[in-house]
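Examining the three-dimensional arrangement
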Amino acid sequence: MKRRKFFFLASSGVAGIALAPSCQGSKKESSLSSSEEALTLPAGEEPAYRKVVKTSFSSGNVKGANDTIVVALIGAGGWGTNLITQAADIGENMRVKYVCDVDDTRGGFVIKELKKKQNFKPIRVRDMRTVFDDKEVDAVFIATPEHWHALATIWACQAGKDVYVEKPISHNIVEGQKMIEAVMKHERIVQCGTHNRSAKEAITARDYIKSGELGEIVAVNVKSLFPGPVPLNEKENTEAPGTIDWDMWLGPAPLVPYNVTRNKSWKYYWAYGGGEAMTNQVIHQLDMVRLILGDPGYPSSVYCLGGRYFFDDNRDIPDYQMATFDFGKYVMTIEAGQSTPYLQVSPPEVRYGDIFPTWKVNGTRVEILGTKRMMFVGRMGGGWQVFDKDGEVMAEQTAEYHLKEHLVNFFDCIRSRKQPNAGIVENHKSTVLVHLANMSYKVGCKYLDFSPEYEAILNNSKAQDLAFYQYRKGFEMPKEI
């Protein structure tokens, strides 16, 4: 296909709202509509963040080992509770001052647990801005729904807080760019939640590939296939209960009536995320394999197919997607879905033991095909193995689950001001891949030419609109980062 040498850029009136029906299975259009203000990207210029990227920060805020790091949890759901509890268990000189959640029914358990661990009861608040206004707070853990990640991170950076932000870091391409600008301007440590970056086995796998023993890379296949399918029992709209600040929960997303299904199953709606298997899960494997491959740049094209194949319900996201990226010297594919009950994630005996996954039924494996041999890689403690044509294991390394190491690295970097393992720049590059897959899907499963230089779609105006987002009044992206 001949590449077109011009850009279709979103205007301030339509950016972020042109979502075509999916190419199969879904009869709905995206719920992202109704806007107040759009971000725009200058034509013919590289993204502004590239001019301000720094490899090191000032040492002015270095903390000693005897200095207590004061932190807050923002988003006290299941994973946020697990994250802050593990952080409290690693032996770091750290104190959790706040547990913030817009839903009063969440956070009670972790507050009790933290009181036992630190002999201090964290303060419960609804509005994250209360946390940002407290000058005693050094860092925040952001474990909100995805549509809040970017704005919360930028607000935190502006308030002088270091950040641990869950994956995926952004809800669209431009958000990630703005996050980098904020991190660099305010020189904040931001550790992203893709904790495979702290896995020793990812480094040894990278070294093996560098040695040439795998040969030239010809294809990379990334799996994110989970048990299912699961029907959605969508409830009727109701008045929001008094236990939740629904306006704050929605934040930058469009204003809609309260619905318990949206609240509890937000991963099924484009307005709040990019899909459980796609953005919320496959980003782990994608970021890990980018590290193993030496952190390549962006692809020149993407093509994504998929649809809702099992249940004709009101979910926005598809049951299954398959995306193909052109990296020039090799092709990368993603398979993402929740309709494979015979596949599994690595069980505890793999994550915490010294055995490998059963690769043929492992739904989160990565396959790296070389001209000499092939490598299987497992996320989160799965390790890696290399096979030759006869199925003989030529090299391997077991591993253990490494969230603790990732948290330790975050606290070390808060003290030293060194860059963390999962920094914002490379994480943005990884996250752009899942955004591109969803962009292709949302405009009807179209082939999209992508400019690595400008981070823009070259051949589809509706797809390029999706690189932007509309922010509801009161929750706008700051004009001054």
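Residues numbered from 1 in each chain as written. Predicted model: local features only at pLDDT ≥ 70, side-chain atom pairs only at ≥ 80, totals over all residues. Heavy atoms only, no water.

Turning next to the pairing of strand 9 (residues 320-326). Across the two faces of strand 9 the burial differs, with Gln321, Ala323 and Phe325 buried and Tyr320, Met322, Thr324 and Asp326 not buried at all. Both strand 8 (residues 301-307) and strand 9 contribute to a ladder of 7 bridges, which runs antiparallel. Bridge pairing in strand 9 links Val302 to Phe325. Relative to strand 10 (residues 331-337), strand 9 runs antiparallel, the two sharing 7 bridges. Across the sheet, Thr324 pairs through a bridge with Thr333, a residue of strand 10. Connecting strand 9 to the next strand, strand 10, in antiparallel fashion are 4 residues, including Gly328 with a positive phi near 85°. (Buried < 20%, exposed > 50% of the residue type's maximum accessible area, 1.4 Å probe, protein only. Helix = DSSP H or I, 4+ residues; strand = E, 2+ residues; numbered from the N terminus. Pairing = 2+ DSSP bridges.)

Moving on, we come to the environment of Asn66. Residue placement: Asn66 occurs in the segment before strand 1 (69-74). Taking C-alpha positions, Asn66 is 10.0 Å from Glu92, a pair spaced 26 residues apart along the chain.

Here the focus is the nonpolar core. Val140, Phe141, Val220, Phe325, Met332, Ile368 and Met375 are the most contacted members of the largest nonpolar core, which has 135 residues in total. Each residue touching Ile368, except ones within four places of it in the same chain, is listed here: Ile209, Leu214, Ile217, Ala219, Val220, Val289, Ile292, Leu293, Arg373, Met374, Met375 and Val377. (Core = buried A, V, L, I, M, F, W, Y, C linked by side-chain atoms within 4.5 Å. Contact = heavy atoms within 4.5 Å.)

Let's shift gears to the pattern of salt bridges. Considering all chains together, one arrives at 31 salt bridges under this definition. Here Glu92 ties to Arg415 by a salt bridge, and the two come within 2.6 Å at their closest N and O atoms. On the criterion of sequence distance, the pair formed by Glu92 in the loop between helix 1 (78-89) and strand 2 (94-100) and Arg415 in helix 11 (residues 403-416) is long-range, its members being 323 residues apart. For Arg308, the salt bridge identified is with Asp319, shortest N-O distance 3.0 Å. Placement of Arg308 in the loop between strand 8 and strand 9 and of Asp319 in the loop between strand 8 and strand 9 is noted, with a sequence separation of 11 residues between them. Each member of the pair, Arg308 as well as Asp319, is classed as buried. Each member of the salt-bridge network shares a partner with another, and the members are Arg197, Asp287, Arg290, Asp295, Glu426 and Lys429. (Salt bridge = Lys/Arg side-chain N within 4 Å of Asp/Glu carboxyl O.)

Before going further, it helps to examine the environment of His428. Within the secondary structure layout, His428 lies in helix 12 (residues 424-442). On the basis of relative accessible area, His428 is assigned to the buried category, the value being 0%. For the pair formed by His428 and Ile180, sequence separation is 248 residues and the distance between their alpha carbons is 8.2 Å. Those residues in contact with His428 that sit more than four places away from it in its chain are Tyr49, Ile169, Ile173, Gly176, Gln177, Ile180, Tyr298 and Glu455.

Moving on, we get to unusual backbone geometry. Cis rather than trans, the peptide bond between Lys167 and Pro168 has omega equal to -15°. Structurally, Pro168 can be placed in the loop between strand 5 (162-165) and helix 5 (173-186). Phi is positive for Arg417, close to 70°, though the residue is something other than glycine. Positionally, Arg417 belongs in the loop between helix 11 and helix 12. Phi at Cys445 takes a positive value of approximately 60°, unusual for a residue other than glycine.

The next thing to look at is helix 6 (residues 200-210). All of the buried residues along helix 6 are Glu201, Ala202, Ala205, Tyr208 and Ile209. Angularly, the buried residues of helix 6 cover 120° about the axis, an arc narrow enough to put them on a single face. For helix 6, the exposed residues lying more than 90 degrees away from the buried face are Lys200 and Lys210. Check the buried side of helix 6 and you find it contacts strand 7 (217-225), helix 9 (276-292), strand 11 (365-370), strand 12 (374-378), strand 13 (383-387) and strand 14 (393-397). Backbone geometry just downstream of helix 6 places Gly212 in the positive-phi region, at approximately 90°. (Arc of directions from axis to C-beta.)

Relative to the helices and strands, Ala72 resides in strand 1. A sequence separation of 291 residues divides Ala72 from Gly363, and the C-alpha atoms of the two residues are 34 Å apart. Setting aside chain neighbours within four positions, we find Ala72 in contact with Tyr98, Val131, Val137, Ala139, Val140 and Phe141.

As a further point, take the state of the cysteines. One pass over the full model with this rule turns up 0 disulfides. Cysteine Cys304 remains unbridged, with the sulfur of Cys445 as its closest cysteine sulfur at 5.9 Å. (Disulfide = S-S within 2.5 Å.)

Below, the discussion takes up the sheet that holds strand 4 (residues 139-142). Pairing between sheet strands relies on hydrogen bonds along the backbone, with the strands arranged either parallel or antiparallel. Taken in spatial order, the 6 strands line up as 3-2-1-4-5-6 in an open sheet, and their pairing is parallel. Strands with a single pairing partner mark the edges of an open sheet, and in this sheet they are strand 3 (123-125) and strand 6 (190-192). With direction set aside, neighbouring strand axes in the sheet form an average angle of 20°. As judged from the 3 bridges shared by strand 2 and strand 3, these two strands associate in the parallel manner. Within strand 3, the position partnered with Val99 by the bridge is Arg124. (Axes fitted to C-alpha atoms, helices over the stretch in contact; angles between N-to-C directions.)

In this section: the pairing of strand 8. Burial analysis of strand 8 places 5 of its 7 residues in the buried class, which makes it a mostly covered element. Examined bridge by bridge, strand 8 and strand 15 (residues 448-451) share 2 bridges and lie antiparallel to one another. Bridge pairing in strand 15 places Ser301 opposite Asp449.

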